[in-house]
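# Per-entry structural report
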Amino acid sequence: MAEPRTSVEPALRLRDLTVTFGGAHPVRAVDGVDLDVHPGRVLAIVGESGSGKSATALASIGLLPGSAEVTGSATVAGVDLVTAAESQRVPLRGSSIAMVFQDALAALNPYRTIGRQISDAYRLHHRVDKTAARKRAVEVLDRVGIRDPERRVDDYPHEFSGGMRQRAMIATAIVNNPTVLIADEPTTALDVTVQQQVLDLLTGLTDDLGMALVLITHDLGVVAETADDIAVMYAGRIVETGTVLDVFDHTAHPYTRALLQATPNLDAPSRRLAAIPGVPASGANRPTGCAFHPRCPFAEQVGEACQTVDPHLTPRPGSALHRAACHFTAEQELPHV
Amino acid sequence: MAWYLARRLAASVVVLLAISFCVYLLFYSGPSDPARVLCGKPCQPERLSQIKQFMGTDKSAVVQWVDFVKGLFVGRTYGTGAEAARCAAPCFGFSFDQRQSVTSLIWSRLPITASIAIGGAVVSLIVGMTLGPLAARFRGGVLDGLVRGGSLLLVAMPAYLLGLLAILVFGFQLNMVPVSGYVPLSESPVDWAWHLILPWCVLGLINGAAYARYARNQMLDELGSDYLLAERATGASARRVRRTARRSVWVPVTTLFGIDLALMLGGTIFTEKVFSMHGIGDLLLGGVSSHDLGIVVGTALFGAALIIVGNLIVDIVQGFIDPRVRRG
Amino acid sequence: MSEPLLSLEQVSKTFRGRSTPFAPPSVTHAVDEVTLDVKPGETVALVGESGSGKSTLSRIALRLLDPTSGTVRWDGEDITRAHGRGLRTLRRELGVVFQDPYTSLNPRQTVGRIIAAPLRNQGLPRDEKTLASLITSVGLSPEQLNRYPHQFSGGQRQRIGIARALATGPRMIIADEPVSALDVSIRAQILSLLDELQQDRGLALLIVSHDLAVVRGIADRVAVMRAGRIVETGRVEQVYADPQEDYTRALLAAVPVPDPHRRARPLPVD
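Residues numbered from 1 in each chain as written. Chains lettered and ligands numbered in written order. Predicted model: local features only at pLDDT ≥ 70, side-chain atom pairs only at ≥ 80, totals over all residues. Heavy atoms only, no water.

Turning our attention to the overall build of chain A. Within chain A, the regular secondary structure consists of 13 helices and 12 strands. Its C-alpha atoms give chain A a radius of gyration of 21 Å, near enough to 20 Å, the size a compact globule of 337 residues would have. For the C-alpha atoms alone, the extent of chain A along its principal axes is close to 70 × 50 × 40 Å. Looking at the 337 residues of chain A, the share that counts as buried comes to 59%. Carbon and sulfur atoms provide 50% of the accessible area of chain A, an area that totals close to 13,600 Å². Looking at charge distribution, chain A has the averaged site of its 30 positive side-chain charges lying 5 Å from that of its 39 negative ones. (Helix = DSSP H or I, 4+ residues; strand = E, 2+ residues; numbered from the N terminus. Rg over C-alpha atoms; globule rule 2.2 N^0.38 Å. Buried < 20%, exposed > 50% of the residue type's maximum accessible area, 1.4 Å probe, protein only. Areas by Shrake-Rupley, 256 points an atom, 1.4 Å probe, with all protein chains shown as cover. Lys, Arg positive; Asp, Glu negative; His and termini not counted. Charge placed at Lys NZ, Arg CZ, Asp CG, Glu CD.)

Following this line, the structure appears as structure tokens:
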């Protein structure tokens, strides 16, 4: 059971995190993101393409390419990964903060056995011999639910099924018991039946190891089933954040609600999915004022403010952590549909 | 593995037979008649038919080819009685000019060509696998520019031109190395290497330039791949990640290397000519100019066989580098 | 009951893998004696996980792949072995929308040229007016005919793909995972577009998808595929409300529900 969060330090703290990709036309992919991720909790970062969710993840672990300019701070284990020298960041990666990628087949080294990759990751942070590292690899494979790990440890990635590969990648990520695990669309490439198993594995690890899990996804169904906290991103910014109940039960941003209406629900009566007009904005083509205003059904009611004034995240009544950035709902609830 | 090898070898034999047939047809249906060449200028008709009979060219083209293929496997004897010339298996043909089997001619020239080819191949590998990854690492820098520009220039430059330039500069002007001739390894290893340095460098630079280009591009592709990003996420340093990436660079380079080495072993015509070394390339060239068709067909086929075998070895080596190739 | 427009009878497809240096060729039964009909004006969803054979089956229906055995009928006519001219009618009457709007449009051709391609292949007239009405019907404007695919977003590209499928005035469209490469907020747009076009033009629609939730709102009938076979088929309402097969039940149960009150994991404290 998670501790009340106010009593513990966040495992990962982002403050005013901003990512700009350089070049002749600099693009602000992430713009002033503040987030706290607490041990034993799952934070879902929700967004579509261009929302900046993946850039936020990579900036948090300090793995953006040199062409990206990162400002603000991303603090893990007392070290700010944005300003720290690479020599300070390297030992933290894998041991304090680790990452799981979307496409496990691409993210596992095709030339090395699964066991070698896990034990290599372990030996980067532990002074042990190969036998001990291999023993640890088998142990972790067993923990992530690979059957017959003693035998499978010598397999190559292409000999694993899609779901097993994702488990194997999770194994390389958790082999050093990190305090923060970032999972970037970890189940998007998987079949739905396998997706559920992998999500159960990730939340199980969060609970058992007391990790803080950052789950990056576009699927609100996945969020509802796994997350404790949510941050919805649009065009590089967080537009709504709060606990999963805050955001699903008291949705305060029109974009969040539009996403919910565009997500099919097999438990509800069949209906036509509501289409959001227009195209998702990104840092590259960010509209003025509120970035969502060209697609927002309430922008007309509010008037000029939506087109000119950038809304800030403001606290919502009834919950300490629920905040949204919307002119329309700043002083009212979203009307029922 | 054994099953695959058997299949590939069988296929190779079929391909070689087909190639031999084409080569045979091509040269023997050509305008020059080897019997007439051997007969000399005042050529009596009965002597000509005698020679034809001796060579076996009095028979139809297909029978000639069958005789040739038979010779490959069991050897053959040209003519009869005291004049008869025996050509032991594998008989790649017979040079009536030099009264020797092509096999023994190739065999006698092979050490020279092999010395040039293997040394050149080693130099090219060192050049390509050093400069390519370095250029990738310092992408856009001075070294990268030099490698890209230089490789383009070298790939475009014919071996003989580079060879002549090298002789001019290092041989005549600077007087550092001998400009021609071959000293057998068994005679003096130092002289052997000393005489071969220029050809090695010429071939090594030309092929190595191509490898450097491939290695650079492959390395860049690889450095942008997810699995190396994932390796960094486990806490590997940038240096360690580059080391991991280098392995994948071997995949395209071994393919080129295998074919290049096979090609060179089949005769490095220009290099041998420029540096006056009498290897297989020189043998082929001599055969062409003296209309000695036995030599032309034999060396061409020998070269083709090397390429097929080289290809097979490349495929097997790739299986060891890349485990994905191993699975069905 | 009307006659089926597309009819697959006992269709099978076997693939032989290539041999490698280290292994003999493998044999896969991608589709195994599948029977499926699509009637005029009907929307059928073909649902399955990766490797279920759904894409292979759709390619057989399009006659892009030859079945190993079985019969493919179009409008009652056996076209299993038809080639070239024999497929002219099918090519005109059956349109196709591909999964990936980024690779299925030639980046070096203008949108107008891309949409006109099926007309060109059929030797049909392709005047400005035809193209303008095609592009308008998918919610884009005629001025955009002169642009290139990279100037469009993913959703717009999928619209262009749909316009191309509509060009020859088909009676049926096969859409292979038409929304899986698109953003969530765009999916509903494309699904509604397909739905509207289907109703306005009385098209038959075969939607191939891995996602049971996505096709529920638009299909009349569902066929669930697993390991090359159709394990369950029926009216949408019936299959979703009362699935007969364990596999269908498992698939339905695995789809995440966007409602935190229904989840298995405990809700967060505080």
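This part covers the side chain of Thr256 of chain A. Counting through the fold element by element, Thr256 of chain A comes out in helix H11 (residues 254-262). Not counting residues within four places of it along the chain, the set of residues in contact with Thr256 of chain A comprises Leu220, Val232, Glu240, Val247 and Thr251 of chain A. (Contact = heavy atoms within 4.5 Å.)

What follows concerns the state of the cysteines. As enumerated under the stated definition, the model contains one disulfide over all chains in all. For the unlinked cysteine Cys306 of chain A, the closest cysteine sulfur is that of Cys290 of chain A, found at 6.1 Å. (Disulfide = S-S within 2.5 Å.)

This part is about the interface of chain C and chain A. Residue-level contacts link 38 residues of chain C with 55 residues of chain A. Across the interface of chain C and chain A, roughly 3,900 Å² is buried in total on both sides, 55% from carbon and sulfur atoms. If you look at where chain C meets chain A, you find four salt bridges. Across the pair Asp267 of chain A and Arg262 of chain C runs a salt bridge, and its minimum N-O distance is 2.9 Å. Our enumeration of links across chain C and chain A arrives at 18 residue pairs in polar contact (both at pLDDT 80 or more). Counting residues per element, the ones that place at least two in the side of chain C that touches chain A are helix H6 (184-201), helix H7 (212-216) and helix H9 (246-254) of chain C. Looking at the side of chain C that touches chain A element by element, the count peaks at 10 residues for H6 of chain C. Taken together, the residues that form the side of chain C that touches chain A break down as 20 nonpolar, seven polar and 11 charged. (Buried area = accessible area lost by both parts, 1.4 Å probe. Salt bridge = Lys/Arg side-chain N within 4 Å of Asp/Glu carboxyl O. Polar contact = N/O pair within 3.5 Å; in protein donor to acceptor, adjacent residues only side chain to side chain. Nonpolar A, V, L, I, M, F, W, Y, C, P; charged D, E, K, R; others polar.)

For the rest of this paragraph, the subject is helix H1 (residues 54-61) of chain C. Residues and elements named next belong to chain C. Counting buried positions along H1 yields six of eight residues, so the element is predominantly enclosed. Turning to H1, its buried residues are Lys54, Thr56, Leu57, Ser58, Ile60 and Ala61. Trailing H1 by a residue or two, Arg63 shows a phi angle of about 60°, which is positive.

Before going further, it helps to spend a moment on the interface of chain A and chain B. Interfaces are often sized by the amount of accessible area the parts lose when they come together. Listed by partner, the interface residues are 27 residues for chain A and 23 residues for chain B. When the area that chain A buries against chain B is broken down by residue, the three leading residues are Tyr111, Leu124 and His158 of chain A, summing to 34%. The tally of links between chain A and chain B comes to two salt bridges. Across the salt bridge formed by Arg232 of chain B and Glu86 of chain A, the nearest N and O atoms sit 3.2 Å from each other. Residue assignment for the side of chain A that touches chain B shows that the elements contributing at least two residues are helix H2 (86-92), strand S6 (97-100), helix H3 (104-107) and helix H4 (114-123) of chain A. Tallying contributions element by element places S6 of chain A first for the side of chain A that touches chain B, with three residues. In the side of chain A that touches chain B, the residues fall into 16 nonpolar, five polar and six charged.

Let us look at the pattern of salt bridges. One pass over the full model with this rule turns up 41 salt bridges over all chains. One salt bridge connects Arg316 of chain A with Glu333 of chain A, and the closest N-O pair in it is separated by 3.6 Å. One end of the pair, Arg316 of chain A, is in the loop between strand S11 (314-315) and strand S12 (323-324); the other, Glu333 of chain A, is in the segment after S12, and 17 residues separate them in sequence. Look at Arg316 of chain A and you get buried, because its relative accessible area is 9%. Between Lys59 of chain B and Asp67 of chain B there is a salt bridge whose closest N-O contact spans 3.3 Å. With a relative accessible area of 41%, Lys59 of chain B lands in the partly exposed category. Residue class for Asp67 of chain B comes out buried when judged on its relative accessible area of 15%.

Glancing now at the domain arrangement of chain B. Residue and element names in this part refer to chain B. The domains assigned to chain B are domain 1 (2-91) and domain 2 (108-326). A straight line from the C-alpha centre of domain 1 to that of domain 2 covers 34 Å. Taken together, the contact pairs 18 residues of domain 1 with 15 residues of domain 2. Of the roughly 1,400 Å² buried between domain 1 and domain 2 on both sides combined, carbon and sulfur atoms contribute 83%. Broken down residue by residue, the surface that domain 1 buries against domain 2 is led by Arg8, Leu16 and Phe27, which jointly contribute 33%. Summed over the shared surface of domain 1 and domain 2, the number is one salt bridge. Among the ionic pairs, Arg8 bridges to Asp315, the shortest N-O distance being 2.6 Å. Counting every contact that joins domain 1 to domain 2 gives one residue pair in polar contact (both at pLDDT 80 or more). (Domains from an automatic or database assignment.)

This brings us to a nonpolar patch on the surface. On the surface, Tyr160, Leu161, Leu164, Leu165, Leu168, Val169, Phe170, Phe172, Leu174, Met176 and Phe270 of chain B cluster together to form a nonpolar patch covering roughly 1,000 Å² of accessible area. With respect to the helices and strands, the residue Leu161 of chain B is situated in helix H7 (residues 159-173). (Patch = residues over 30% accessible without salt bridge, like charges linked within 9 Å, V, L, I, M, F, W, Y side chains within 5 Å.)

Residue and element names in this part refer to chain A. Sheet architecture is open: four strands sit in the order S2-S1-S4-S5, paired in antiparallel fashion. The sheet terminates laterally at strand S2 (27-37) and strand S5 (79-80), the two strands that pair on one side only. Relative to S5, strand S4 (residues 68-76) is paired through two bridges, and the arrangement is antiparallel. Each bridged residue has a counterpart across the sheet, and for Val76 the counterpart in S5 is Val79. Each of strand S1 (12-21), S2 and S4 is contacted by helix H1 (residues 53-60), which is oriented at about 115° to S1, the strand it contacts most. (Pairing = 2+ DSSP bridges. Axes fitted to C-alpha atoms, helices over the stretch in contact; angles between N-to-C directions.)

So, about unusual backbone geometry. All names here are of chain B. A cis amide bond links Ala89 to the next residue, Pro90, at an omega of -10°. Structurally, Pro90 is set in the loop between strand S2 (85-87) and strand S3 (94-95). Even without being a glycine, Ser276 presents a positive backbone phi close to 50°. Along the chain, Ser276 falls in the loop between helix H11 (269-274) and helix H12 (280-289).

Right, let's get into the packing of helix H1 (residues 2-28) of chain B against helix H4 (residues 61-74) of chain B. All names here are of chain B. At a closest axis distance of 10 Å, the pairing of H1 and H4 adopts a crossing angle of 130°. By the angle between their directions, the pair H1 and H4 is classed as oblique. The element H1 and its partner H4 pack so that their crossing is right-handed. Along the contact surface, H1 presents Leu17, Ser20, Phe21, Tyr24, Leu25 and Tyr28, while H4 presents Ala61, Gln64, Trp65, Phe68 and Val69. The residue inventory of the contact of H1 with H4, partitioned by class, reads nine nonpolar, two polar and no charged. (Parallel < 35°, antiparallel > 145°, perpendicular 65-115°, else oblique. Left-handed = near helix turned anticlockwise from the far one by under 90°.)

Take the environment of Glu3 of chain C next. Secondary-structure assignment places Glu3 of chain C in the segment before strand S1 (6-16). Sequence spacing of Glu3 of chain C and Arg59 of chain C is 56 residues, and the spatial spacing of their C-alpha atoms is 22 Å.

Position of Ser124 of chain B among the secondary structure elements: in helix H5 (residues 102-137). Engagement of the side chain of Ser124 of chain B in a polar contact is seen with the backbone oxygen of Ala121 of chain B, the distance being 2.6 Å.

Time to look at the nonpolar core. Membership of the largest hydrophobic core comes to 110 residues, with the highest contact counts inside it found for Ile170 and Leu181 of chain A. Per element, the largest residue contribution to this core is six residues, and it comes from helix H7 (residues 162-174) of chain A. Apart from residues lying up to four places away in sequence, Ile170 of chain A is in contact with Val100, Val144, Val198, Leu201, Leu202 and Leu205 of chain A. With 55 residues, the next largest nonpolar core counts Val97, Leu105, Ile160 and Tyr240 of chain C among its residues. (Core = buried A, V, L, I, M, F, W, Y, C linked by side-chain atoms within 4.5 Å.)

Moving on: the pairing of S1 of chain A. Residues and elements named next belong to chain A. The pairing of S1 with S4 spans eight bridges and is classified as antiparallel. When the bridges of S4 are listed, Thr18 appears paired with Thr71. The sheet contact formed by S1 and S2 spans seven bridges and is antiparallel. Among the inter-strand pairings, Phe21 is bridged to a residue of S2, identified as Val27.

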